[in-house]
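Observations on the model geometry
Single-letter residue listing:
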Amino acid sequence: MQLKDKLLAQRIYLLLGALFITSLVVSNLIFQKFFYWYPVDVKIFGSKLFEISVGILPYPITFLITDLISEIYGRKRANDVVIVGIFASLFSVGIILMADYVPALSNSPIDDKTFTEVFSKTIIAVGSSMLAYLFAQFIDRKIYHFWKNLTKGKHLWLRNNFSTWLSQFIDTFSIITLLCYFEVLPWSSFKGLLISGFLFKVLVAAFDTPFLYLGVYLFRKRFKLKVNEEISLL
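Observations regarding the confidence of the model for the protein chain
- Here the protein chain averages 81 in pLDDT, and 89% of its residues register 70 or above.
- Here strand 3 (residues 47-48) stands out as the least confident element of the protein chain, with mean pLDDT 66; helix 1 (residues 3-29) is the most confident, with 90.

What follows is the structure in structure tokens.
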């Protein structure tokens, strides 16, 4: 691969990493707002299907990006992005703590009470999210590369969906369990939120499969990659 192609591949990798980190950090900041999507009028354990946190919206994007990076750049590069994302999330907590500590002016549009109410649970959210996310991403990468090696780079849809389904269930179960344990969410909502969150992520995983195929196709065409061939940035 020529130098200009390697530089382009490096820039794209950095862009994907930036999108990943942004999605991960934002999901932890906005999780306290809930919304509903009722494609069907069904109740599960007393809660309507798909009553979910807005924090779930950017989360599937992170798995799509790590799948794409794994496919094109390899497992190590995907793990590097995950580690940097976790560091960014923890760093954001430090900034929020500092902002919360500084007293607001009397004429500030947002007073101390409102700011604390919105962001006070971010630390618990980030802690819960990072523990769950680390485990989920570890499982996701393992399963993804297991199927990739087994199929010798073929059947992209198989590893994309199978790895994401299991890892997303683990992620959803872990986060909701921890948030209920710390009384951020009531235990009465546990089952409904678990099923709604998991099914929503499964639907998103199925929806993003064509985008993964498109991304892999564009990469292979631009950089003349063979099936199962990865770009080495070193």
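Having seen it, we continue.
Notes on helix 1
- In this model helix 1 runs 39 Å from its N-terminal to its C-terminal C-alpha over 27 residues, within 8% of the 39 Å that 1.5 Å per residue would give.
- All of the buried residues along helix 1 are Asp 5, Ala 9, Tyr 13, Leu 16, Gly 17, Phe 20, Ser 23, Leu 24, Val 25, Ser 27 and Asn 28.

Focus: the packing of helix 3 (residues 75-101) against helix 4 (residues 112-119)
- Where helix 3 contacts helix 4, the two axes come as close as 10 Å, and the packing angle between them is 160 degrees. With respect to each other, helix 3 and helix 4 are oriented roughly antiparallel. Crossing of helix 3 against helix 4: the hand is left-handed. Across from Ile 96, Ala 99 and Asp 100 in helix 3, the residues of helix 4 making contact are Phe 115, Thr 116 and Phe 119.
- Looking at side-chain class alone, the contact of helix 3 with helix 4 contains 4 nonpolar, 1 polar and 1 charged residues.

Examining the nonpolar core
- Counting 37 residues, the largest nonpolar core has Leu 16, Leu 68, Ile 69, Ile 72, Tyr 73, Phe 219 and Ile 231 as the members making the most contacts within it.
- Of all elements in the fold, only helix 1, helix 2 (59-73), helix 3, helix 5 (122-150), helix 6 (156-181) and helix 7 (190-223) reach the threshold of two or more residues within this core.
- The residues contacting Phe 219, other than those within four sequence positions of it, are Ile 12, Leu 16, Leu 68, Ile 72, Tyr 73, Lys 224, Leu 225 and Ile 231.
- Of all hydrophobic cores here, the second largest spans 5 residues; its members include Leu 49, Ile 52, Ile 56 and Phe 200.

Let's talk about helix 7
- Between its first and last C-alpha atoms helix 7 spans 46 Å; for 34 residues at 1.5 Å apiece the expected length is 50 Å, and the two agree.
- A bend of about 35 degrees at Asp 208 is the largest found in helix 7, and the proline Pro 210 appears one to four places after it.
- Phi turns positive one or two residues past the end of helix 7, at Lys 224, with a value near 55 degrees.

What to know about the pattern of salt bridges
- Counted by the stated rule, this structure contains 3 salt bridges.
- Residue Arg 222 is joined to Asp 5 by a salt bridge in which the shortest nitrogen-to-oxygen separation is 3.0 Å. With Arg 222 in helix 7 and Asp 5 in helix 1, the pair connects residues that are 217 residues apart, well separated along the chain.
- Relative accessible area serves as the criterion here: at 38%, Arg 222 is assigned to the partly exposed category.
- Between Glu 71 and Arg 220 there is a salt bridge; the shortest N-O distance is 3.1 Å. With a gap of 149 residues between them, Glu 71 in helix 2 and Arg 220 in helix 7 connect regions that are remote in the sequence.
- Relative accessible area serves as the criterion here: at 22%, Arg 220 is assigned to the partly exposed category.

Overview of the packing of helix 1 against helix 2
- Contact geometry of helix 1 with helix 2 gives a least axis separation of 8 Å together with a crossing angle of 155 degrees. Accordingly, the angle class assigned to the pair helix 1 and helix 2 is roughly antiparallel. Both helix 1 and helix 2 take part in a crossing whose hand is left-handed. Counting all contacts with helix 1, which are made through Ala 9, Ile 12, Tyr 13, Leu 16, Leu 19, Phe 20, Ser 23, Leu 24 and Ser 27, the residues of helix 2 involved are Tyr 59, Ile 61, Thr 62, Ile 65, Thr 66, Leu 68, Ile 69 and Tyr 73.
- In the contact of helix 1 with helix 2, the residues fall into 13 nonpolar, 4 polar and no charged.

Here is what the cut-offs are and how they apply
Residues numbered from 1 in each chain as written. Predicted model: local features only at pLDDT ≥ 70, side-chain atom pairs only at ≥ 80, totals over all residues. Heavy atoms only, no water. pLDDT = per-residue confidence, 0-100. Helix = DSSP H or I, 4+ residues; strand = E, 2+ residues; numbered from the N terminus. Expected span 1.5 Å × (residues − 1). Buried < 20%, exposed > 50% of the residue type's maximum accessible area, 1.4 Å probe, protein only. Axes fitted to C-alpha atoms, helices over the stretch in contact; angles between N-to-C directions. Parallel < 35°, antiparallel > 145°, perpendicular 65-115°, else oblique. Left-handed = near helix turned anticlockwise from the far one by under 90°. Contact = heavy atoms within 4.5 Å. Nonpolar A, V, L, I, M, F, W, Y, C, P; charged D, E, K, R; others polar. Core = buried A, V, L, I, M, F, W, Y, C linked by side-chain atoms within 4.5 Å. Bend = angle between axes of the 7 residues up to and from the residue. Salt bridge = Lys/Arg side-chain N within 4 Å of Asp/Glu carboxyl O.

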